[in-house]
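Single-letter residue listing:
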Amino acid sequence: MSETPQVQHPLDVLTEIERGAAMDQELLLRDGATPWAEILADYVDALNELATRGTAENGYIATYGLDEGHAGGCG
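Sequence order as written defines the numbering, with residues in each chain counted from 1. Residues qualify for local features only when their pLDDT is at least 70, as the model is predicted, and side-chain atom pairs are given and counted only at 80 or more; totals for whole chains, interfaces and linings, by contrast, use all residues. Only hydrogens and water are set aside; all other atoms, that is, all heavy atoms of the structure, feed into the side-chain values.

Draft legend 1. Region of the structure containing the overall build of the protein. Per the convention used, a helix needs a DSSP run of H or I reaching at least four residues, while a strand needs a run of E reaching at least two, with both numbered from the N terminus. From N to C terminus, the protein includes 2 helices and 0 strands. Each residue gets one of three labels from its accessible area relative to the maximum for its type: buried under 20%, exposed over 50%, partly exposed in between, using a 1.4 Å probe on protein chains only. For the protein, the residues scored as buried account for 7% of the 75 residues in total. Per-residue and other accessible areas were derived by the Shrake-Rupley procedure at a 1.4 Å probe size, with only the shown protein chains allowed to occlude residues. Of the accessible surface of the protein, which amounts to about 7100 Å², a share of 58% is contributed by carbon and sulfur atoms.

Right under this line is the structure:
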């Protein structure tokens with residue numbers, strides 16, 4: 001007597017594909033030669049410079065850091 005093969009739920013298949021793609025992407029980012037932390041720090045410094053230049057005329061200086069304020073994703 002042979003058993004009928006189990007059919008995997010379509011959402012489970014999509015979850016496996018997504019998980020595999022996320023792991024592949026993480027490996028590519030980790031193995032890449034791009035210094036992401038350095039690029040991000042340079043970007044934050046540039047934003048601070050723009051904010052400082054734009055608000056210095058009013059006597060108010062705004063600075064932003066990676067661990068301050070709203071993390072985004074809302075809206």
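Moving on from the model shown.
Draft legend 2. Layout of the pattern of salt bridges. In what follows, salt bridge is the name for a side-chain nitrogen of Lys or Arg lying within 4 Å of a carboxyl oxygen of Asp or Glu. Applying the stated rule across the entire model yields 1 salt bridge. The residue Glu26 makes a salt bridge to Arg30 at a minimum N-O spacing of 2.2 Å. Residue Glu26 and its partner Arg30 are located together in helix H1 (residues 10-31), separated by 4 residues, close to a single helical turn. The exposure class assigned to Glu26 is partly exposed, which follows from its relative accessible area of 44%. We classify Arg30 as exposed; its relative accessible area is 54%.

Draft legend 3. Main features of a nonpolar patch on the surface. Side chains of Leu11, Val13, Leu14 and Ile17 sit close together on the surface and give an oily, nonpolar patch of about 370 Å² of accessible area. Within the element layout of this structure, Ile17 appears in helix H1. The residues that make up patches have over 30% relative accessible area and no salt bridge, and they are joined within 9 Å when like-charged or within 5 Å when they are Val, Leu, Ile, Met, Phe, Trp or Tyr.

Draft legend 4. Focus on H1. Helix span, as expected, comes to 1.5 Å for every residue beyond the first. Between the first and last C-alpha of H1 there are 32 Å, a value that for 22 residues agrees with the 32 Å anticipated at 1.5 Å per step. Across the 22 residues of H1, 0 count as buried, placing the element largely on the outside.

Draft legend 5. Representation of the environment of Gln8 within the structure. Considering the arrangement of structural elements, one finds Gln8 in the segment before H1. Its relative accessible area of 40% is what places Gln8 among the partly exposed residues. Should any heavy atoms of two residues lie within 4.5 Å, those residues are considered in contact. What Gln8 contacts, discounting residues up to four positions off in sequence, is Val13 and Glu16. Reaching out from Gln8, the side chain makes a polar contact with the side chain of Glu16 at a distance of 2.5 Å. Polar contacts, as counted here, are pairs of nitrogen or oxygen atoms within 3.5 Å of one another; within protein the pair requires one atom able to donate a hydrogen and one able to accept it, and residues that are adjacent in sequence qualify only if both atoms are side-chain atoms.

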